Amino acid sequence: MEFIANVQGLTAIAIGIIIGLGALGACLGIAIMGSKFLESAARRPELVPMLQGRMFLLAGLIDAAFIIGLAVALFFAFANPLIEAVKLAGAAG
């Protein structure tokens, strides 16, 4: 039983790391992209409509990576396959 509690505790730490680093990466990615967009818009204002569409597309892709990480973290939070493997190994041994 103690081993299952250790697995749950380490899974909670891993979930925090997944969500925290994913959010940090997404925030930094969007911030850098936004600053580069503003620099390019200041240099060549005639390209703003084209660059704006591409910027929003990239913002969606950056957020999609974070949302996929969030989905994996929620999967491990609510349907942890590691605990089932521990229970099966305990029953077999």
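What you see is a predicted model, and the numbers here were worked out from it, not measured in a lab. (Residues numbered from 1 in each chain as written. Predicted model: local features only at pLDDT ≥ 70, side-chain atom pairs only at ≥ 80, totals over all residues. Heavy atoms only, no water.)

Asks: An account of the overall build of the protein is needed here, citing residue identities and associated values.
Replies: Across its full length, the protein holds three helices and zero strands. In the protein, the succession of helices and strands from N to C terminus is α-α-α. For a compact globule of 93 residues, the expected C-alpha radius of gyration is about 12 Å, and the protein comes in at 21 Å, more than 25% above that figure. Principal-axis analysis of the C-alpha atoms gives the protein an extent of 70 × 15 × 15 Å. Going through the 93 residues of the protein one by one, you find that 16% of them count as buried. Taking the intrachain contacts of the protein between residues at least 6 apart in sequence as the baseline, contacts between residues at least 24 apart amount to 78%. If you sum the accessible surface of the protein, you get close to 6600 Å²; carbon and sulfur atoms cover 76% of it. Looking at the protein, you have 5 positive and 5 negative side-chain charges, and the mean spots of the two groups are 14 Å apart. (Helix = DSSP H or I, 4+ residues; strand = E, 2+ residues; numbered from the N terminus. Rg over C-alpha atoms; globule rule 2.2 N^0.38 Å. Buried < 20%, exposed > 50% of the residue type's maximum accessible area, 1.4 Å probe, protein only. Contact = heavy atoms within 4.5 Å. Areas by Shrake-Rupley, 256 points an atom, 1.4 Å probe, with all protein chains shown as cover. Lys, Arg positive; Asp, Glu negative; His and termini not counted. Charge placed at Lys NZ, Arg CZ, Asp CG, Glu CD.)

Asks: So what's going on with the packing of helix α1 (residues 2-43) against helix α2 (residues 48-78)? Which residues, and what values?
Replies: One way to put it is that α1 packs onto α2 with a least axis distance of 9 Å and a crossing angle of 175°. The orientation of α1 with respect to α2, classified from their angle, is roughly antiparallel. Classifying every residue of the contact of α1 with α2 gives 20 nonpolar, six polar and one charged. (Axes fitted to C-alpha atoms, helices over the stretch in contact; angles between N-to-C directions. Parallel < 35°, antiparallel > 145°, perpendicular 65-115°, else oblique. Nonpolar A, V, L, I, M, F, W, Y, C, P; charged D, E, K, R; others polar.)

Asks: Describe in detail a nonpolar patch on the surface, supporting the description with residues and values.
Replies: On the surface, a cluster of nonpolar side chains totalling about 720 Å² of accessible area is made up of Leu 10, Ile 13, Ile 17, Leu 21, Leu 24, Leu 28 and Ile 32. Relative to the elements of secondary structure, Leu 10 occurs in helix α1. (Patch = residues over 30% accessible without salt bridge, like charges linked within 9 Å, V, L, I, M, F, W, Y side chains within 5 Å. Salt bridge = Lys/Arg side-chain N within 4 Å of Asp/Glu carboxyl O.)

Asks: Before we move on, could you go through the packing of aromatic side chains and cite the residues and values that matter?
Replies: Overall, the coordinates contain one aromatic pair when judged by the stated rule. Where Phe 75 meets Phe 76, the ring centres are 5.5 Å apart and the plane angle is 65°; that geometry is what we call edge-to-face. Take Phe 75: its relative accessible area is 43%, and that puts it in the partly exposed class. (Phe/Tyr/Trp six-rings, centres within 6.5 Å; stacked < 30°, edge-to-face > 60°.)

Remember, this is a structural readout, not a statement about activity or role.
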